[in-house]
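Understanding the architecture of this molecule
The chain contents come next:
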Amino acid sequence: MKYKRILLKLSGEALMGDKQFGIDNNRLLAYAEEIKKVWEAGVQVAIVIGGGNIFRGVQAEQGGMERTQGDYMGMLATMINSMALQSALETIGVHTRLQSAIEMKTIAEPFIKRRAVRHLEKGRVVIFGAGTGNPFFTTDTAASLRAIEVEADVILKGTRVDGIYTADPEKDPTATKYERVSFEEVFQKNLNVMDMTAFTLCNENKLPIIVFDMNKGGNLMRLVEGEKVGTLVDF
Ligand code: UDP
């Protein structure tokens, strides 16, 4: 295996599948199956999942709600997704733990770095819920932060597109996909990988990122085995 410990970031929206809102159970189970394959192969798996399929703080603000209130609601949305994914994984026999950045002791452990690492070493998939626990951040930033804290080898950002392009492929037919791109070039060309806070954290801590299509079966496994899938951002 090329990677021993990974941090998988899934967006909330990816969980919607073809639905307009909420969670598509088939999609959820499909993701759980993909995760199970790499878990069975002995890869240590940490996961951060977004909440955009349920609630986003910025949109709430546009509707007149105070931003911080909206952001906390967004963080709770990530907990709903995290619990759903935890259930899906447990249903198919994967051992998991859920840690929350906001204390919710009846449903999740509090985030404790040392404990998270211990779970990973014992072969439990660890899901980090409630983002960073702070408003004005994103779950991409939570993913970067947790990946650095637990010393993951790489962040795997599972999306609906298969990598990073020179331009938006839906708008520009001449856009081409990068197989590999440096942090430097992403900054220079203002390419869209993650928000700047998340991206800067990875850059400063020398953490590579791979953006790939999580909806294509087998991709996750191919990645951890070292195959070139999606776009690798490194140094
Ligand atoms: N959020 C936050 N702090 C965090 C992580 C998330 O305030 O550390 C809130 C924010 O309002 C965000 C929402 O939770 O809009 C859902 O997360 P995100 O938009 O990152 O989810 P994704 O786009 O990955 O589905």
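Here's a quick rundown of the structure. These figures come from a predicted structure and were not determined experimentally.

Following the criterion strictly, the structure yields four aromatic pairs and no others. Aromatic side chains F183 and F235 sit 4.4 Å apart centroid to centroid with 5° between the ring planes, which places their arrangement in the stacked category. With F183 in helix α6 (residues 183-189) and F235 in the segment after β9 (231-234), the pair connects residues that are 52 residues apart, well separated along the chain. Judged by its relative accessible area of 2%, F183 falls in the buried class. The class of F235 is partly exposed, set by a relative accessible area of 41%. Ring centres of F187 and F199 lie 5.0 Å apart, and the angle between their planes is 70°; this geometry places the pair in the edge-to-face category. You can see F187 sitting in helix α6 and its partner F199 sitting in helix α7 (residues 196-204), a full 12 residues away along the chain. Under the relative-accessibility criterion, F187 is labelled partly exposed at 32%. With relative accessibility at 0%, the residue F199 sits in the buried group. Cluster of aromatic residues (ring-pair linked, three or more members): F183, F187, F199 and F235.

This paragraph deals with the sheet that holds strand β2 (residues 44-49). In spatial order, the strands read β4-β3-β5-β2-β1-β6-β8-β9-β7; together these nine strands make up an open sheet with mixed pairing. Each edge of the open sheet carries a strand with a single partner, namely β4 (109-110) and β7 (180-182). Of the pairings in the sheet, the one linking strand β3 (residues 96-100) to strand β5 (residues 125-129) comprises five bridges and is parallel in character. When the sheet's bridge partners are listed, L98 is paired in β5 with I127. On top of the sheet, helix α5 (residues 139-149) reaches β1 (5-10), β2, β5 and β6 (154-159); it is set at about 175° to β1, its chief contact.

Parameters and conventions
Residues numbered from 1 in each chain as written. Predicted model: local features only at pLDDT ≥ 70, side-chain atom pairs only at ≥ 80, totals over all residues. Heavy atoms only, no water. Phe/Tyr/Trp six-rings, centres within 6.5 Å; stacked < 30°, edge-to-face > 60°. Helix = DSSP H or I, 4+ residues; strand = E, 2+ residues; numbered from the N terminus. Buried < 20%, exposed > 50% of the residue type's maximum accessible area, 1.4 Å probe, protein only. Pairing = 2+ DSSP bridges. Contact = heavy atoms within 4.5 Å. Axes fitted to C-alpha atoms, helices over the stretch in contact; angles between N-to-C directions.

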